[in-house]
Amino acid sequence: MLSSATLGTSVPSRKPKPKLGMNLAGVADWNTELPFVDVFRMSRPWISQRKGAGWGQGPKLELDEHGWVKRLEPDCWAETLMCTIEGGHYPSGEYTVLYEGDGEIDFWNAAKVVKRERGKIVIKVDSSKGAIFLRLLHTNPQNYVRNIQVIMPNFKVPDRKTPCWHPTFLNRWRGIACFRFMDWMETNNSQIVRWDDRPKVEDTTFSAKGVALEWMIDLCNRLKADAWFCMPHMADDDYIYRFAKTVKEKLDPSLKVYVEYSNEVWNGMFAQHRYAAEQGQKLGFGEKPWEAAWRYTAYRSVQIFRIWEEVFGGTKRLIRVLPSQAANPYVSEQILSFRDAYKHADALAIAPYISFNVSPKGNPPADEVANWSVEQLLDYVEKVSLPESVRWMREQKKVADKYELLLVAYEGGQHLVGIQGAENNEKLTQLFMEANAHPRMGEIYRRYLDAWAKVGGDLFCHFSSVGRWSKWGCWGLLQFYDDPPTPKFKAVMEWARNLGQKVK
């Protein structure tokens, strides 16, 4: 624990500099951000089909180490989807399909084949019809079909290993200070243990295990943005070492790296919490599972930080992050103070959402809220949710100052969502969506971000970039890659611009 002289301090040794970072939306066939011009990179993992059987009822597929189908049984095929997006919110036109190997590929639903030659197919896509379905009907086990690319109209990709960023994606986020890759790394409930388990550039799709590290580094180098990596909760020391070594070798030396152990290990809904609780109890860190998880977070974080420090030859380029629960400064104290973990860290990270989680029996209950006007809802957000968030910021800043750490936001933004069954209340969902598109939401965001800067917050990583709004939340600043700017998008970018970031 800190000395009595230090305990009373209110001025951290590290001067905060508020800036906007971004949590990029997870990679999946329903991703609406479209970061890659090769849409096969976000295709769904292969679905095994058998003639006469139900959807996905085919035999277990024989795959190679990168997920390519090596052989098919008689009357069976493998299928995948891309661009599972409604409303035509992805490009129509002629896509170029490239592949290696010997076999037969066909398309249906939004796509039809207009031209074939060996290793190349041209398909005509009507995005208003929804998803592109690809079927692998035959493949030669001696030379199986692999390295499939499905390239958007008017783009060329030199080879499959070269990152194929969509220019709209790059232009939208140019000037962002940091990318947090939590969802791109499939951090929550990760199964990664060893270095060989990692997602690789050669993999069939990034939707299975996440985006290859080399591509995340390339994005940061192109946009001159710092990188925030979340180390998988079960990853061994060799994985951490090799990950850090790759970053040291490939990331622009002018850029910094935020290093965090997993994501929200305090949150009981995730496998990483249960793992940390179990490990912490084994080590005698606490009888209560949640306390053991908090302390294991500190313990494992420090181990991870030491490996990164060894690889980088010090801490100059590292921001070592100890994460906590925004609403609970006590949790922060427990994590920071355990075995003096704070002495090995640079920042306390929280997610100070503008929170309104509505449940059927909550106060107020979901049925009542669903009958509010959008003005009533936004009044509540302004009078209750926003001040609560600002109070969390202030209380956590006191903790960060006490331990002489920066206060950063690993996530943040609005958090209007139905829970415990209220997510199925369609009227409530529509109300939340209407509020997220309302001009007043932009004003709320301005006050919110200004409060973060005034409190003394440093990096603020919004959650999240682009994603369709639904009963599970309205997290995206935009819903689709081709959306016009929403009021909350405008407010966030204006805040960053006023801080000197060269955003759009």
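Residues numbered from 1 in each chain as written. Predicted model: local features only at pLDDT ≥ 70, side-chain atom pairs only at ≥ 80, totals over all residues. Heavy atoms only, no water.

**Points about the overall build of the protein**
Counting its regular elements, the protein contains twelve helices and 20 strands. Relative to its 504 residues, the protein shows a buried fraction of 60%. Counting only carbon and sulfur atoms, one obtains 48% of the accessible surface of the protein, whose full area is about 21,000 Å². Each charge class in the protein was averaged separately, 67 positive and 61 negative side chains, and the resulting centres sit 3 Å apart. (Helix = DSSP H or I, 4+ residues; strand = E, 2+ residues; numbered from the N terminus. Buried < 20%, exposed > 50% of the residue type's maximum accessible area, 1.4 Å probe, protein only. Areas by Shrake-Rupley, 256 points an atom, 1.4 Å probe, with all protein chains shown as cover. Lys, Arg positive; Asp, Glu negative; His and termini not counted. Charge placed at Lys NZ, Arg CZ, Asp CG, Glu CD.)

**A word on the packing of aromatic side chains**
The relation between two aromatic rings is expressed through the spacing of the ring centres and the mutual angle of the planes. Considering all chains together, one arrives at 40 aromatic pairs under this definition. Their ring planes at 70° and their centres at 5.5 Å tell us that F36 and W215 sit as a pair that is edge-to-face. Residue F36 is located in the loop between β1 (19-23) and β2 (47-50), and its partner W215 is located in helix α3 (residues 213-223); the two are separated by 179 residues in the primary sequence. A residue is classified by how much of its surface remains accessible, and F36, at 0% relative accessible area, is buried. (Phe/Tyr/Trp six-rings, centres within 6.5 Å; stacked < 30°, edge-to-face > 60°.)

**Comments concerning unusual backbone geometry**
At the junction of N363 and P364, the peptide bond is cis and its omega measures out at 5° in the coordinates. Structurally, P364 is set in the loop between β17 (354-358) and α8 (366-370). With an omega dihedral of -5°, the bond running from F463 to S464 counts as a cis peptide bond. One can find S464 in the loop between β20 (459-463) and α12 (487-498). One non-glycine residue, N189, adopts positive backbone phi at about 65°. Among the secondary structure elements, N189 is positioned in the loop between β12 (178-180) and α3. According to the relative accessible area criterion, N189 is partly exposed, its value standing at 35%.

**As for the confidence of the model for the protein**
Confidence in the prediction of the protein, expressed as mean pLDDT, is 96, and 97% of residues score 70 or more. In the model of the protein, helix α1 (residues 4-7) stands out as the element of lowest mean pLDDT, 39, in contrast to β12, which has the highest, 99. Here residues 3-12 is a poorly scored stretch, pLDDT under 50, and it has 13 contacts once near neighbours within four places are set aside; other chains count. (pLDDT = per-residue confidence, 0-100. Contact = heavy atoms within 4.5 Å.)

**Section: the nonpolar core**
I148, W173, F179, F181, W184, F229 and W308 are the most contacted members of the largest nonpolar core, which has 153 residues in total. If one sorts the elements of this core by residue count, helix α6 (residues 289-312) sits on top with eleven residues. Excluding its chain neighbours within four sequence positions, the residues that come into contact with W308 are F229, M231, I240, F243, A244, V247, V257, V259 and L318. One finds A177, A349, L406 and F463 within the second-largest nonpolar core, a separate group that totals 18 residues. (Core = buried A, V, L, I, M, F, W, Y, C linked by side-chain atoms within 4.5 Å.)

**What to know about the environment of W290**
Residue placement: W290 occurs in helix α6. For the pair W290 and G280, spaced ten residues apart in the sequence, the C-alpha separation amounts to 9.2 Å.

**Notes on the sheet that holds strand β8 (residues 111-117)**
Read from one edge to the other, the open sheet built from four strands follows the order β8-β9-β6-β11, with strand pairing classed as antiparallel. Edge positions in the sheet fall to β8 and β11 (146-151), since each of these pairs with one other strand and no more. Within this sheet the neighbouring strands show an average axis-to-axis angle of 20°, counted without direction. Here strand β6 (residues 93-100) pairs with β11 via four bridges, running antiparallel. Pairing of T96 across the sheet is with I151, part of β11. (Pairing = 2+ DSSP bridges. Axes fitted to C-alpha atoms, helices over the stretch in contact; angles between N-to-C directions.)

**Observations regarding the pattern of salt bridges**
Per the stated rule, a full pass over the model turns up 27 salt bridges. Between R116 and D106 there is a salt bridge; the shortest N-O distance is 3.4 Å. One end of the pair, R116, is in strand β8; the other, D106, is in strand β7 (residues 103-109), with ten residues separating them in the sequence. On the accessibility criterion, R116 (43% relative accessible area) is partly exposed. The salt bridge involving K282 is made with E278; its shortest N-O contact spans 3.7 Å. (Salt bridge = Lys/Arg side-chain N within 4 Å of Asp/Glu carboxyl O.)

**Side note on the environment of G456**
In this structure, G456 sits in the loop between α11 (439-455) and β20. A relative accessible area of 11% means that G456 is categorised as buried. In this view, G456 contacts P16 and K397; residues no more than four positions away in its chain are not counted.

**Re the sheet that holds strand β5 (residues 76-82)**
Strand order across the open sheet formed by four strands is β2-β5-β10-β7, with antiparallel pairing between neighbours. What marks the edges here is a single partner per strand, and that holds for β2 and β7. Averaged over neighbouring strand pairs, the angle between their axes works out to 30° when direction is ignored. Bridging between β5 and strand β10 (residues 132-139) involves five bridges; their strand directions are antiparallel. Paired with T80 across the two strands is L134, which belongs to β10.

**Overview of the pairing of β8**
On a regular strand, one side chain projects to one face of the sheet and the next to the other, so that they alternate. Of the strand pairs in this sheet, β8 and strand β9 (residues 120-125) are connected by six bridges, and their pairing is antiparallel. Along β9, the bridge assignment pairs K115 with V122. As consecutive antiparallel partners, β8 and β9 are separated by two residues, and within that stretch G119 has a phi angle of approximately 80°, a positive value.

**Considering the packing of helix α9 (residues 374-402) against helix α10 (residues 426-436)**
It is the contact of α9 with α10, at a shortest axis distance of 10 Å, that shows an interaxial angle of 70°. Between α9 and α10, the angle falls in the class roughly perpendicular. Side by side, α9 and α10 meet where V374, L377 and L378 of the first sit next to L431, F432, E434 and A435 of the second. When its residues are assigned to classes, the contact of α9 with α10 shows six nonpolar, no polar and one charged. (Parallel < 35°, antiparallel > 145°, perpendicular 65-115°, else oblique. Nonpolar A, V, L, I, M, F, W, Y, C, P; charged D, E, K, R; others polar.)

**Observations regarding helix α4 (residues 237-250)**
An ideal rise of 1.5 Å per residue puts 20 Å on 14 residues; α4 measures up with 20 Å between its terminal C-alpha atoms. For α4, every residue scored as buried is listed here: Y239, I240, F243, A244, T246 and V247. The buried residues of α4 occupy an angular sector of 155° when projected down its axis, which confines them to one face. Against α3, β13 (226-231), β14 (257-261) and α6 lie the buried residues of α4. (Expected span 1.5 Å × (residues − 1). Arc of directions from axis to C-beta.)

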